[in-house]
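Residue-level listing of the chains:
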Amino acid sequence: MELRNIRPVSGADPDPRSDYGVRIYYGLSGPASALFRFRVLEPPKSGNDLPYSIFTRRKRERFDFDGESGNTVYFCLRYENSKGGKEGQGPFGPILSAVIP
């Protein structure tokens, strides 16, 4: 799976102080595996409901879900400034989902 063209969805440019990078929250449905022990049991309502996250400054990010074919992956993004933590995070974006081919 690849997330492409990572950018704000509001149509407005973000505050330059917060436009440092993006934290991508994600989780998968299906049975637990050695690589993904924590699973999403029902569709998430926000990024807080997703067990994994990574930080990136890139405009695209690739995920390898080898062996997870047929499961659903959920993503939710939010901007972070260089300080991170609760003070450095923007609001969560919409929940995105896809079935892993």
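All values reported here derive from a predicted model rather than from experimental measurement.

The rules behind each value
- Residues numbered from 1 in each chain as written.
- Predicted model: local features only at pLDDT ≥ 70, side-chain atom pairs only at ≥ 80, totals over all residues.
- Heavy atoms only, no water.
- Buried < 20%, exposed > 50% of the residue type's maximum accessible area, 1.4 Å probe, protein only.
- Helix = DSSP H or I, 4+ residues; strand = E, 2+ residues; numbered from the N terminus.
- Pairing = 2+ DSSP bridges.
- Phe/Tyr/Trp six-rings, centres within 6.5 Å; stacked < 30°, edge-to-face > 60°.
- Lys NZ or Arg CZ within 6 Å of the ring centre and 35° of its normal.
- Core = buried A, V, L, I, M, F, W, Y, C linked by side-chain atoms within 4.5 Å.
- Contact = heavy atoms within 4.5 Å.
- Polar contact = N/O pair within 3.5 Å; in protein donor to acceptor, adjacent residues only side chain to side chain.

Participant: Would you mind showing me how to read the pairing of strand 2 (residues 21–28) here?
Facilitator: Within a regular strand, side chains alternate between the sheet's two faces. In terms of burial, strand 2 is largely enclosed, as seven of its eight residues are buried. Sheet topology note: the strand 2/strand 5 (residues 72–80) ladder contains eight bridges and is antiparallel. Note on strand 5: the bridge partner recorded for R23 is R78. As judged from the five bridges shared by strand 2 and strand 3 (residues 52–56), these two strands associate in the antiparallel manner. Across the sheet, I24 pairs through a bridge with I54, a residue of strand 3.

Participant: Explain the packing of aromatic side chains to me, please; I cannot follow it from the model alone.
Facilitator: Where two aromatic rings form a pair, the distance of their centres and the angle of their planes describe that pair. Applying the stated criterion to the full structure yields eleven aromatic pairs. Cluster of aromatic residues (ring-pair linked, three or more members): Y26, F36, F38, Y52, F63, F65 and F75. In this structure, R57 packs its charged tip against the face of Y20, placed 4.1 Å from the ring centre.

Participant: What's the story with the nonpolar core in this structure? I'm lost.
Facilitator: Side chains of a nonpolar character, in soluble globular proteins, are inclined to be buried together. With 15 residues, the main nonpolar core has L3, I24, Y26, F63, F65, F75 and L77 as its most contacted residues. For this core, the secondary structure elements donating two or more residues are strand 2 and strand 5. In contact with Y26, other than residues within four places in its own chain, are F36, L50, P51, Y52, S53, I54, F63, F65, Y74 and F75. Core analysis: the next-biggest nonpolar cluster, separate from the first, contains five residues, Y25, V40, L50 and Y74 among them.

Participant: What's the story with the side chain of E80 in this structure? I'm lost.
Facilitator: Note on placement: E80 falls in strand 5. Judged by relative accessible area, E80 falls into the buried class, the value being 5%. Looking at E80, its side chain comes within polar contact range of the side chain of R23, at 2.8 Å.

Participant: How do you make sense of the side chain of E68 when you look at a structure like this?
Facilitator: With respect to the helices, strands and loops of the structure, E68 is situated in the loop between strand 4 (61–62) and strand 5. For E68, a relative accessible area of 5% corresponds to the buried category. Polar contacts involving the side chain of E68 include one to the side chain of S33, which spans 3.5 Å. A distance of 2.9 Å separates a polar atom in the side chain of E68 from a polar atom in the side chain of R39.

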